Amino acid sequence: DPVEEAKKLAAFAAVDRHVSKEHRVIGIGSGSTVPFVVDRIREQGEAVNRGRVFVPTGFQSQQLIVQAGLTLGDASQYPKIDVTIDGADEVDAQLNAIKGGGACQLREKVLAEAADTWIMVADYRKNSETLGESWKQGIPIEVAPFAYVAVLHRLAQLGSPTTAEQSTAVGAHGQVLTLRMGKAKAGPVVSDNGNFIIDAPFPREMMQRPAELLTKIKLLTGVVEVGLFCGMAKAAYFGNADGSVSVRQ
Ligand code: DER
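Residues numbered from 1 in each chain as written. Predicted model: local features only at pLDDT ≥ 70, side-chain atom pairs only at ≥ 80, totals over all residues. Heavy atoms only, no water.

Named according to an unreviewed UniProt entry, the protein chain is Ribose-5-phosphate isomerase rki1 originating from Naganishia cerealis.

Next up, the structure:
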């Protein structure tokens, strides 16, 4: 599968370049690309990994670390992390990213900020000029369950007033904002922090200024964290279908 191969290429290149022997506290992101990151780190050998601690960005990430036989560390013990490697749903030319496809963006952003070096790894589908070109599901926004309808309404208003029904709202530019519902779970998706996720698309001209949009969304009462990571990454590695790796930094 060319996409899986591309994820592996990106992960291996990023680990080889950014995870060296002297790195002892390592942040592990969430999603389907980071298992290749853990595979490559394990290949660095028992000895070097015995002296390391791995901090997870959620339950999936925690299981990955434990199942790999690596030492688990908690973010409360390791507020400073040497290097964190994480996936992304889409990355633009300025290394801004949409994250939260896996509903893990709160802990992911905490570990991104805690890291001296934060690296993104992804397959070629995520490599864009502007956010929103390939990721059409909207910006994942973690919200307090109590406030989700209020936040839906305010998000829709970022532009002009509309009415928000229970779990959808039509945005000022006709886009549909939705509460993320479970597939194998009745009712809404609940994050590792006990919150809901709203997926909120915005028009291209707003996605061209992600830092501005992030600030507007983050200030809405009831928003816990926004799946826009702006100006945080040192580099992004993209595996390509032709077997090459593109690096943006
Ligand atoms: O939720 C996230 O931000 C994860 O990092 C995830 O969306 C990354 O996607 P992947 O499964 O394609 O690596």
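There's more to say after this.
What about the overall build of the protein chain?
Stated formally: By definition, any uninterrupted DSSP run of H or I lasting at least four residues is a helix, any uninterrupted run of E lasting at least two residues is a strand, and each is numbered from the N terminus. Our radius of gyration looks at C-alpha atoms and nothing else; its globule reference is 2.2 Å times the residue count to the power 0.38. For each residue, the accessible area found with a 1.4 Å probe, counting protein chains only, is set against the maximum for its type, and the residue is called buried under 20%, exposed over 50%, and partly exposed in between. Should any heavy atoms of two residues lie within 4.5 Å, those residues are counted as being in contact. Just so you know, the count uses Lys and Arg for positive and Asp and Glu for negative, and it drops His and the chain ends. The atoms used to mark charge sites are NZ of Lys, CZ of Arg, CG of Asp and CD of Glu.
Secondary structure assignment for the protein chain yields 8 helices and 14 strands. On C-alpha atoms alone, the protein chain measures out to a radius of gyration of 18 Å, which is about the 18 Å that the 2.2 N^0.38 rule sets for 249 residues. Reported as C-alpha extents along the three principal axes, the dimensions of the protein chain are approximately 60 × 35 × 30 Å. The buried share among the 249 residues of the protein chain stands at 53%. Counting only contacts in the protein chain whose residues sit at least 6 apart along the sequence, the fraction spanning at least 24 positions is 70%. Averaged over its 26 positive side-chain charges, the protein chain has a centre that lies 2 Å from the centre of its 28 negative ones.

Concerning the packing of aromatic side chains
Put simply, the rule is: Within 6.5 Å between ring centres, the rings of Phe, Tyr and Trp (the latter by its six-membered ring) count as paired, and their orientation is classed by plane angle as stacked under 30 degrees, edge-to-face over 60, tilted in between. Charges are assigned to positions over rings by a cutoff of 6 Å between ring centre and Lys NZ or Arg CZ, combined with an angular limit of 35 degrees from the ring normal.
A full pass over the atoms with the stated rule returns 2 aromatic pairs. Between Trp118 and Phe229, the aromatic rings sit 5.4 Å apart at their centres with planes inclined by 25°, giving stacked as the arrangement. In this pair, Trp118 sits in strand S6 (residues 115-123) while Phe229 sits in strand S12 (residues 228-229), placing the two residues 111 residues apart along the sequence. For Trp118, a relative accessible area of 2% puts it in the buried group. Consider the rings of Tyr148 and Phe196, whose centres lie 5.6 Å apart with planes at 65°: the pair is edge-to-face. Of this pair, Tyr148 sits in helix H6 (residues 148-157) while Phe196 sits in strand S10 (residues 196-200), placing them 48 residues apart in sequence. Its relative accessible area of 14% is what places Phe196 among the buried residues. Above the plane of the ring of Phe59 lies Arg107, whose end atom (NZ or CZ) is 5.5 Å from the centre.

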